[in-house]
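Structural overview
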Amino acid sequence: MDKLKTGIIAPPGLPAMPARWFDRKGLVQIGLLALLLLAPLAAYLLGHIYYINLASRITVIAMAAVGLNLAIGYGGMVSFGHAAYFGLGGYVAGISAYHAFDFTPFMSWPVAIPGSDSMLVIWLAAILLCGLLALAIGAISLRTTGVYFIMITLAFAQMMYYFANSWPSYGGEDGLPIYLRNTLPLVDTNQPLVFFLICFAGLLLSMAITSRLMKSRFGAALTMARLNDTRLATAGISPYPIRLMAFVISAMITGLAGALYADLNGFISPTMLSWHFSGELMVIVILGGVGRLYGPLAGAILFVMMETLLGGLTEYWKLFLGLMLLCVVLFAKHGVMGWLAGRERNE
Amino acid sequence: MSVTLFIEQLINGLQLGTMLFLMASGLTLVFGVMGLINLAHGSFYMVGAYATALATAATGSFFTGLVAGVLVAAAVGALVELIVIRRLYHRPHLDQVLATFALILIFSEGTRWLFGSSPLWLSPPQSLTGFVTLPGGARYPLYRLVIIGVGIAVAIGLYLLISRTRLGMRIRAGESDREMIGALGVNIARLYTLVFAMGAALAGLAGAMVGALQSVQVGMGEPVLILAFVVIVIGGIGSIKGALFGAVLVGVVDTLGRVFLPALFRNFMSPSEAAGVGAALAAMLIYILMAVILAFKPKGLFAANG
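Residues numbered from 1 in each chain as written. Chains lettered and ligands numbered in written order. Predicted model: local features only at pLDDT ≥ 70, side-chain atom pairs only at ≥ 80, totals over all residues. Heavy atoms only, no water.

1. A word on the UniProt feature "transmembrane region" (unreviewed entry) in chain B
Residue and element names in this part refer to chain B. Here, UniProt's "transmembrane region" (unreviewed entry) annotation points to residues 20-41, 61-85, 97-122, 142-162, 191-213, 225-253 and 274-296. Along residues 97-122 one finds 73% helix and 0% strand; the C-alpha atoms at either end are 32 Å apart. Across residues 274-296, the secondary structure splits into 100% helix and 0% strand, with the terminal C-alpha atoms separated by 31 Å. (UniProt positions renumbered as here; feature names shortened; annotations may be inferred. Helix = DSSP H or I, 4+ residues; strand = E, 2+ residues; numbered from the N terminus.)

Written out as structure tokens, the structure reads:
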């Protein structure tokens, strides 16, 4: 059982040295987090609520990308359908709030399930449902590899999209508003800064989980499954359950981000499930630096800032996003984090 | 449910299927020969439709417009291959997905910039606007039958091209061993450009013909692209035969599902509920079909390379 730990397989990607926070990489990482935390605090002191919400948006999208990064970056599973989990998380928050607002039950048969406006309940439900969905989708998709996997995850996400579009009970293609932001005990979630801090805590937690996971025996096996699954199998570990588990955890993180995103916007619609969003999430992971803990954060900051700044200048900002993305893919493969913080040891 | 309605919807399904085949054959050829996954294939569909609409408006002749549309789509395809795509052949699939996703953004927003967000106007030529009486007695638009005819002609043409010509021989050789045909002196770079342009031309043809039925607008290629993905995944990536089979299967199942599932549910539900559940299920039907097929055949029905 302890073969991995005793180094019969030395999995690349695991840091041999303890991480140092004061070298170049450490400084960049601390800097990014500090920037994300201090900017909304400054905005709060200056009274600019808009910028607090912008920071919340960056944080939530970064969190969704952290989830996707676990699948793509660490697991080598190029999922083109993570919008499915993001959207499902969002719909859990929206539908639950809708029933709580109306005092109607979500379900009365075979068991009565009332709506709820408690974020804790919603988060738990979002995580569980996204995990179940990912278990089903992953179980089928992971039987395939390469291009098949990309297209199948895309197709399943589209299935969710069309389902949400044509199911009339919850707004269909018009979406569903969340009239009152869902609540947490003790704090007022309607305060933008409080909500930002909730999102920030979620982001930190998801990054900590990813980091912890990748340092564990499971993470070593996942890295090996990405690099050489035959070798992993030879070591007596079946790659399929490892990948499936990582895929499920990845979907849960993205789903939780989706639930927060719904509360941030006070609105859910099938757009959250659209394949454009899956693509954008992938773009964020790649822009930031694939398979790096802080890559999604760097990517999300860059993406949302571009969206805000360029989008303010021209309606056609995605044209420039496309051009930039093309250049990054063709010429600069290591993303923002590779450029800011130097390459990872195993690159 | 009347037999006439059934036949009519079956032909509608066939028409969707032939369109999907035009899209899917290009995608699957490009994947089979070059190992490239191309998300921007839907953009060539859009380019073909726009070029046809503009050329038809300029010349007044749909057929001139159609030829122009196909040629423009092929030219744009060749250009994109020369500038971007050929740098991607040796890259991982993730890079290919991202770069071609970037191409979608560039094409969609570029088109919106040039021609605006409102749809362009394109209608079938006067000579093809009539109706045909079907065996069951229903009247069916001639233009849709012509589309099916064109699709069948293209399928036969592709079959002959691939099985009987020198180019086809090279394409087949390229599918089974890329390095070897390069070593044997075939100009691989030119072959790749040619195959890619051919795929783009087929997508452009599909876009132009469907554009006359629906509307010519930005983003029109995306729903078709994703259906085409489902088609080639079902058929087996790289297989033209699989693309044909998958396209007809998806076209027919999707069309019939949308019409008959709500009707089916009306037997044991209230009409409004049946419409909702039926529509939602019908929208998911082909994806469920795909999941079931993949559960038994993870490489699709007619996997090309083993």
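2. Let's talk about the packing of helix α3 (residues 49-74) of chain A against helix α8 (residues 217-227) of chain A
All names here are of chain A. Orientation of α3 relative to α8, taken along the N-to-C sense of each, is 50°, at an axis distance of 9 Å. With respect to α8, the element α3 is oriented oblique. Across the interface between the two elements, Leu 70, Gly 73 and Tyr 74 of α3 pack against Leu 222, Thr 223 and Arg 226 of α8. Tallied by class, the residues present in the contact of α3 with α8 amount to three nonpolar, two polar and one charged. (Axes fitted to C-alpha atoms, helices over the stretch in contact; angles between N-to-C directions. Parallel < 35°, antiparallel > 145°, perpendicular 65-115°, else oblique. Contact = heavy atoms within 4.5 Å. Nonpolar A, V, L, I, M, F, W, Y, C, P; charged D, E, K, R; others polar.)

3. Considerations on unusual backbone geometry
One non-glycine residue, A:Phe103, lies in positive phi territory at about 55°. Tracing the backbone shows A:Phe103 in the loop between α4 (83-102) and β1 (105-107).

4. Quick notes on the nonpolar core
Among the nonpolar cores identified, the biggest contains 215 residues, and A:Phe80, A:Trp123, A:Met282, A:Leu297, B:Met34 and B:Met290 are the most heavily contacted of them. The contact partners of A:Met282, leaving out residues within four places of it in the chain, are A:Leu68, A:Ile72, A:Val78, A:Ser79, A:Phe80, B:Leu94, B:Val97 and B:Leu98. (Core = buried A, V, L, I, M, F, W, Y, C linked by side-chain atoms within 4.5 Å. Buried < 20%, exposed > 50% of the residue type's maximum accessible area, 1.4 Å probe, protein only.)

5. Observations concerning the environment of B:Leu285
Residue and element names in this part refer to chain B. Structurally, Leu 285 is set in helix α11 (residues 271-296). On the basis of relative accessibility, which here comes to 24%, the residue Leu 285 falls in the partly exposed class. Sequence spacing of Leu 285 and Gly 257 is 28 residues, and the spatial spacing of their C-alpha atoms is 7.0 Å. With near-sequence residues (within four places) excluded, Leu 285 lies in contact with Val 253, Gly 257 and Leu 261.

6. Topic: the confidence of the model for chain A
Per-residue confidence for chain A gives a mean pLDDT of 87; residues scoring 70 or more make up 92%. Low pLDDT, under 50, characterises residues 1-11 of chain A; the stretch is placed with twelve contacts to residues that sit more than four places away or in other chains. (pLDDT = per-residue confidence, 0-100.)

7. Some words on the interface of chain B and chain A
Tallying the contact residues gives 48 residues for chain B and 43 residues for chain A. Overall, the association of chain B and chain A removes approximately 4,200 Å² of surface from exposure, summing both partners, and the carbon and sulfur fraction of that is 83%. Our count for the contact surface shared by chain B and chain A stands at zero salt bridges. The interface formed by chain B and chain A contains five residue pairs in polar contact (both at pLDDT 80 or more). Breaking the side of chain B that touches chain A down by element, the ones donating at least two residues are α4 (93-115), α9 (221-235) and α11 of chain B. It is α4(B) that provides the largest number of residues to the side of chain B that touches chain A, a total of 16 residues. Class assignment of the residues belonging to the side of chain B that touches chain A gives a composition of 36 nonpolar, five polar and seven charged. (Buried area = accessible area lost by both parts, 1.4 Å probe. Salt bridge = Lys/Arg side-chain N within 4 Å of Asp/Glu carboxyl O. Polar contact = N/O pair within 3.5 Å; in protein donor to acceptor, adjacent residues only side chain to side chain.)

8. Some words on the pattern of salt bridges
All names here are of chain B. Inspection of every chain in the model, using the stated rule, returns seven salt bridges over all chains. Note that Glu 109 and Arg 112 form a salt bridge whose closest N and O atoms lie 3.4 Å from each other. Of this pair, Glu 109 and Arg 112 both sit in helix α4, three residues apart, which is roughly one turn of that helix. The exposure class assigned to Arg 112 is partly exposed, which follows from its relative accessible area of 24%. The residue Arg 258 makes a salt bridge to Asp 254 at a minimum N-O spacing of 3.2 Å. Here the residue Arg 258 and the residue Asp 254 both occupy positions in helix α10 (residues 240-265), the gap between them amounting to four residues, near one helical turn. Among the residues examined, Asp 254 registers a relative accessible area of 7% and is labelled buried.

9. Overview of α11(B)
Given a rise of 1.5 Å per residue, 26 residues ought to cover 38 Å, and the 36 Å separating the end C-alpha atoms of α11(B) matches this to within 8%. In α11(B), a bend of some 45° at B:Leu285 exceeds every other bend along the element. (Expected span 1.5 Å × (residues − 1). Bend = angle between axes of the 7 residues up to and from the residue.)

10. A short note on the packing of aromatic side chains
If you walk through the whole model with that rule in mind, you get 24 aromatic pairs over all chains. When the ring of A:Phe163 is compared with that of A:Trp167, the centres are 5.2 Å apart and the planes differ by 25°; the resulting orientation is stacked. Its relative accessible area of 27% is what places A:Trp167 among the partly exposed residues. Judged by centre distance (6.3 Å) and plane angle (80°), the rings of B:Phe62 and B:Tyr143 are edge-to-face. Remark: B:Tyr143 occurs in helix α5 (residues 142-164) and B:Phe62 occurs in helix α3 (residues 62-83); sequence separation between them is 81 residues. Accessibility classification places B:Phe62 together with B:Tyr143 in one group, the buried group. Three or more aromatic residues link up through ring pairs in this structure, and these residues are A:Phe80, A:Trp275 and B:Phe101. (Phe/Tyr/Trp six-rings, centres within 6.5 Å; stacked < 30°, edge-to-face > 60°.)

11. A closer look at α9(B)
Residues and elements named next belong to chain B. Along its 15 residues, α9 runs 20 Å from first to last C-alpha, staying within 8% of the 21 Å computed at 1.5 Å per residue. Within α9, 14 of the 15 residues are buried, leaving the element largely enclosed by the surrounding structure. Phi turns positive one or two residues past the end of α9, at Gly 236, with a value near 105°.

12. As for the confidence of the model for chain B
Taken over all residues, the pLDDT of chain B has a mean of 89, while the share at 70 or more is 98%. Across chain B, α3(B) holds the top mean pLDDT of 95, while helix α7 (residues 178-183) of chain B sits lowest at 83.

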